Amino acid sequence: MRSSIAQRKGRFVCARKTYSEEMPELDFSQLGRIAERWVGRTAERSAAGDPLAAAQNVTLRVDRSAERALRKGHPWLFAQGIRDQSHDGRAGDFAVIFDRRRNFLALGLYDPESPIRVRILHHGKPTPVDAAFFARRVQGLAELRAKLFSDDAGTNAYRLINGENEGMPGLVADRYANTLVVKLYTTAWLPHLRHVVRPLSRLTGAQRVVLRWSRGATRALNSLGESELPDELPDELPGELADELADGVLLGGLALDGPVLFWENGLRFECDPCRGQKTGFFLDQRDNRARVEALAGGKDVLNTFAYTGGFSLYAARGGAKSVVSLDASAPALQAAQRNFEHNRAIPGVAGVHHETLRADAFRSLAELAAAGRDFDLVVVDPPSFASRQGEVERALGAYASLTRLALGVLRPGGDLIFASCSARITSDDFFACLHAAARRAGRPLREIERTAHPADHPVGFEQGAYLKCIFAKVP
Ligand code: SAH
């Protein structure tokens, strides 16, 4: 393994030099036009033809509890915390927030469509928020990540910008080799996007930048095509924007003619940054996957909610005897098979018996148990079951069922690895739920470790802590 990483290291260095020295700077001029249209003004009407200058500031005063939260550095101002405001702004306007005594508190991006009415860019003393502001912020984060992922690590896919946790609320940027994926959670970024994308692509030597939307933000974008079309927007705008800014669209650089290939801890993976889940891959599970590799030697492994086989590949390289990748998605499992092919040169991967199983995990676990199939190590990494507060109870119920079902196929003395990616479920509730379910099944968990976020997914505020995972031995 060592030597293969060393070989790859050479390639990284090459790739980086090649692109930063020979790749022309990517052209994002259409983002300027989009910003102008979004702000709803023609270039002539805006001050210096600069949409940023044309964006109006919304001035807000907030109530006591919002004030307290903002003073502590909270990145969100909810609509109900607003006492009064100058006028009804548009998505992407700057919101300048004052306390009850009219002192400056914070500045952020206004979004009239979202209950998170303002996403805070800056707390404390007044400061100009302009292209240089965004460039400085992007540079700080890009440098931080460059240090974290030295070439030696065998990893060229990681989160570059982790949204509100790092002062860029509602914007996530992931890197897959020379492809950048920028994912937006609010249309409020549109007038400012080029000021983020341009420095980011320059600093990383990117070959292309892909745009992704969260579901909530897409709804806001689509609603522009319907009757609530804001008056200021020219008639032809929505259709044009819908194409230019569709989910998965290329913002700049070379068109993609297939999946993107990248390295993670010396393993070769492919992902589809335009249509894949999240931004194409679950980068946040990198460290947990490495922990599974260390546990998998000689074992029969079941990877439920396997997606494109991340945990499966690590288990195989770690010397697992067999690996089953179970997921409901056929394209994900096809990618998992290709990911095994990409790593055929690794003895563990070449030697392992790998099987994919396309099925509902709940039903399939029960069927496997009924058929008497069992495993030494089971990974359970389901999607978020609670996207709203009202779904928390049901999600805990699903975690409990999955614990019982996973234990039903786990041999005595086996390892259970169970993760939750729902920010709405606290880690205390999650771990307590799993322990209770295991006790009820007569197989109490003996914890080896509890883990959380990897270093490229730093947590900057309470709601930013979504990932928790337990590693346990089960009698
Ligand atoms: N462990 C993966 C990420 C899992 S994401 C990794 O390391 O990359 C969650 C996965 O669960 C998705 O691939 C989704 O297709 C799958 N999924 C969602 N509901 C499911 C169900 N009921 N049964 C099986 N798979 C499901």
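Now for a quick tour of the structure.

Parameters and conventions
- Residues numbered from 1 in each chain as written.
- Predicted model: local features only at pLDDT ≥ 70, side-chain atom pairs only at ≥ 80, totals over all residues.
- Heavy atoms only, no water.
- Helix = DSSP H or I, 4+ residues; strand = E, 2+ residues; numbered from the N terminus.
- Expected span 1.5 Å × (residues − 1).
- Buried < 20%, exposed > 50% of the residue type's maximum accessible area, 1.4 Å probe, protein only.
- Contact = heavy atoms within 4.5 Å.
- Near = heavy atom within 4 Å.
- Polar contact = N/O pair within 3.5 Å; in protein donor to acceptor, adjacent residues only side chain to side chain.
- Areas by Shrake-Rupley, 256 points an atom, 1.4 Å probe, with all protein chains shown as cover.
- Nonpolar A, V, L, I, M, F, W, Y, C, P; charged D, E, K, R; others polar.
- Arc of directions from axis to C-beta.
- Axes fitted to C-alpha atoms, helices over the stretch in contact; angles between N-to-C directions.
- Parallel < 35°, antiparallel > 145°, perpendicular 65-115°, else oblique.
- Left-handed = near helix turned anticlockwise from the far one by under 90°.
- Pairing = 2+ DSSP bridges.
- Core = buried A, V, L, I, M, F, W, Y, C linked by side-chain atoms within 4.5 Å.
- Right-handed = clockwise from strand over helix to strand, strands pointing away.

**Observations concerning helix α15 (residues 427–440)**
Here is step 1: Given a rise of 1.5 Å per residue, 14 residues ought to cover 20 Å, and the 20 Å separating the end C-alpha atoms of α15 matches this to within 8%.
Here is step 2: Within α15, burial applies to Phe430, Phe431, Cys433, Leu434, His435, Ala437 and Ala438.
Here is step 3: Buried residues along α15 sit against α14 (392–407), β18 (410–420), β19 (446–451) and β20 (468–474).

**Focus: the site of the ligand**
Here is step 1: Taken together, 15 residues lie near the ligand, and Arg289, Asp327, Asp360, Ala361 and Asp381 sit nearest.
Here is step 2: Phenylalanine 305 places a main-chain nitrogen or oxygen 3.2 Å from a nitrogen atom of the ligand.
Here is step 3: Here alanine 361 contributes a backbone N or O atom positioned 2.8 Å from a nitrogen atom of the ligand.
Here is step 4: Taken by itself the ligand offers 590 Å² of open surface, and the protein chains cover 89% of this.
Here is step 5: Of the residues belonging to the shell around the ligand, the class tally is nine nonpolar, two polar and four charged.

**Quick word on helix α9 (residues 286–295)**
Here is step 1: Turning to α9, its buried residues are Arg286, Asn288, Arg289, Val292 and Glu293. Projected down its long axis, α9 shows its buried positions confined to an angular sector of 160°, all on one face.

**Points about the packing of helix α2 (residues 29–39) against helix α6 (residues 193–204)**
Here is step 1: Contact pair α2 / α6: the axes reach a minimum separation of 9 Å and the direction vectors enclose 165°. Taken together, the axes of α2 and α6 lie roughly antiparallel to each other. The way α2 lies across α6 gives a crossing that is right-handed. Of the residues in α6, those in contact with Leu31, Gly32 and Ala35 of α2 are Leu193, Arg194 and Val197.
Here is step 2: In terms of residue class, the contact of α2 with α6 is built from four nonpolar, one polar and one charged.

**A word on the environment of alanine 366**
Here is step 1: When you line up the elements, alanine 366 lands in helix α13 (residues 361–370).
Here is step 2: On the basis of relative accessible area, alanine 366 is assigned to the partly exposed category, the value being 37%.
Here is step 3: For the pair formed by alanine 366 and glycine 408, sequence separation is 42 residues and the distance between their alpha carbons is 7.6 Å.

**A word on the sheet that holds strand β11 (residues 250–253)**
Working definition: the strands of a sheet are paired by backbone hydrogen bonds and lie parallel or antiparallel to each other.
Here is step 1: Strand order in this open sheet of five strands is β7-β8-β9-β10-β11, and the pairing throughout is mixed. Looking along the sheet, the strands with just one partner apiece sit at the ends: β7 (157–162) and β11. Across this sheet, the average inter-strand angle for adjacent strands is 15°, counted without regard to direction.
Here is step 2: Bridging between strand β8 (residues 171–176) and strand β9 (residues 179–184) involves six bridges; their strand directions are antiparallel. Bridging across to β9, alanine 173 finds its partner in valine 182.

**Thoughts on the nonpolar core**
Here is step 1: Counting residues in each nonpolar core, the largest one holds 42 residues, and the members touching the most others are Leu121, Ile161, Leu184, Trp189 and Leu193.
Here is step 2: Among the nonpolar cores identified, the runner-up in size contains 37 residues, and Leu302, Ala398, Tyr399 and Ala400 belong to it.

**Quick notes on the sheet that holds β18**
Here is step 1: The seven strands lie next to each other as β16-β15-β14-β17-β18-β20-β19, forming an open sheet whose pairing is mixed. Two strands close off the open sheet at either side, each with one partner strand: β16 (353–358) and β19. The sheet shows a mean angle of 15° between the axes of neighbouring strands, taken without regard to direction.
Here is step 2: Against the sheet, helix α10 (residues 310–317) engages β14 (300–304), β15 (322–327), β16 and β17 (375–380), with an angle of about 180° to β15.

**Section: the pairing of β9**
Here is step 1: Counted residue by residue, β9 has six buried out of six residues, so it is predominantly covered.
Here is step 2: Hairpin geometry of β8 and β9 is characterised by an intervening segment of two residues between the two adjacent antiparallel strands and by a positive phi of about 55° at alanine 177.
Here is step 3: The pairing of β9 with strand β10 (residues 208–213) spans six bridges and is parallel. Bridged to threonine 179 within β10 is arginine 208.
Here is step 4: With respect to chirality, the unit in which β9 leads through α6 into the neighbouring parallel β10 is right-handed.

This is a description of form; function is not addressed.
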